[in-house]
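As a plain string of letters, each chain reads:
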Amino acid sequence: MSLMNVFEVSATALTAQSIRLDAISGNMANAQVVTSSADAAYKARMPVFATLFREGMDGSEISGVEVRRLAQSRVAVEKRYEPDHPMANEGGFVFEANVNLVEEMANMMSASKSYTSNVEVMITSRELLQRTLAIGN
């Protein structure tokens, strides 16, 4: 892998982690949303990553990461008896999103750290290229 390919690999990782952070923020924003049915309740979303392999312009193989889809959590939504709630169904139950805020915070820290690491890779690669070009001077 050439040094120039590092930028493309890091760019795909930055895009993937950005999508991951967007999904996490959506999950956290909807964590306390309630509805009158289990089917209508918000289900946490998480990106499904896949390794990306393809031929580069110079014939070398470039790898990276892509988001294939956003999967919904299969964890059951919480059912609570609150007959006075405006969203309660005829049985008096409300259904809350299946978002675990502690898990989402851990995921957010992980995604943020990964994003930062990939930015550092790009900065270091740029510095290496600049130093390589300076050798000729």
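Residues numbered from 1 in each chain as written. Predicted model: local features only at pLDDT ≥ 70, side-chain atom pairs only at ≥ 80, totals over all residues. Heavy atoms only, no water.

**Student:** Talk me through the nonpolar core; I want residue IDs and the actual numbers.
**Tutor:** Nonpolar side chains in soluble globular proteins tend to be buried together. If you look at the biggest cluster of nonpolar residues, it comprises five residues: Ala31, Tyr42, Ala44, Ala97 and Val99. Those residues in contact with Ala31 that lie beyond four places of it in its chain are Glu96, Ala97, Val99 and Leu101. (Core = buried A, V, L, I, M, F, W, Y, C linked by side-chain atoms within 4.5 Å. Buried < 20%, exposed > 50% of the residue type's maximum accessible area, 1.4 Å probe, protein only. Contact = heavy atoms within 4.5 Å.)

**Student:** Could you give an account of the layout of surface pockets, naming the residues involved and the relevant values?
**Tutor:** Looking at the largest pocket, its volume works out to about 230 Å³. Contributing to the lining of the largest pocket are 16 residues, with Ala44, Met46, Glu103, Glu104 and Asn107 lying nearest its centre. By residue number, the principal contributor to the lining of the largest pocket is strand β2 (residues 45–55), which donates four residues. (1 Å grid on protein atoms, 1.4 Å probe; cavity = no way out; pocket = protein on both sides within 12 Å on 5 of 7 lines; lining within 4 Å. Points joined across faces, edges and corners; volume = space filled by probe spheres on them. Helix = DSSP H or I, 4+ residues; strand = E, 2+ residues; numbered from the N terminus.)

**Student:** Can you lay out the side chain of Thr35 for me, pointing to particular residues and giving the numbers?
**Tutor:** For Thr35, the location among the structural elements is in strand β1 (residues 34–35). Overall, the relative accessible area of 12% leaves Thr35 in the buried class.

**Student:** I'd like to hear about helix α2 (residues 101–135), residue by residue, with values.
**Tutor:** Here α2 contains 35 residues, and its C-alpha end-to-end distance of 51 Å stays within 8% of the 51 Å for a straight helix at 1.5 Å per residue. Three or more residues of α2 are buried, namely Glu104, Ala111, Asn118 and Ser125. Where α2 starts, the residue carrying a side-chain oxygen 3.0 Å from the main-chain nitrogen of Val102 turns out to be Asn100. (Expected span 1.5 Å × (residues − 1). Polar contact = N/O pair within 3.5 Å; in protein donor to acceptor, adjacent residues only side chain to side chain.)

**Student:** So what's going on with the pairing of strand β5 (residues 93–96)? Residues and values would help.
**Tutor:** As judged from the two bridges shared by β1 and β5, these two strands associate in the antiparallel manner. Residue pairing for β5: Thr35 is matched across the bridge by Phe95. Two elements, strand β4 (residues 78–81) and β5, share four bridges in a ladder whose sense is antiparallel. Directly across from Arg80, in β5, lies its bridge partner Val94. (Pairing = 2+ DSSP bridges.)

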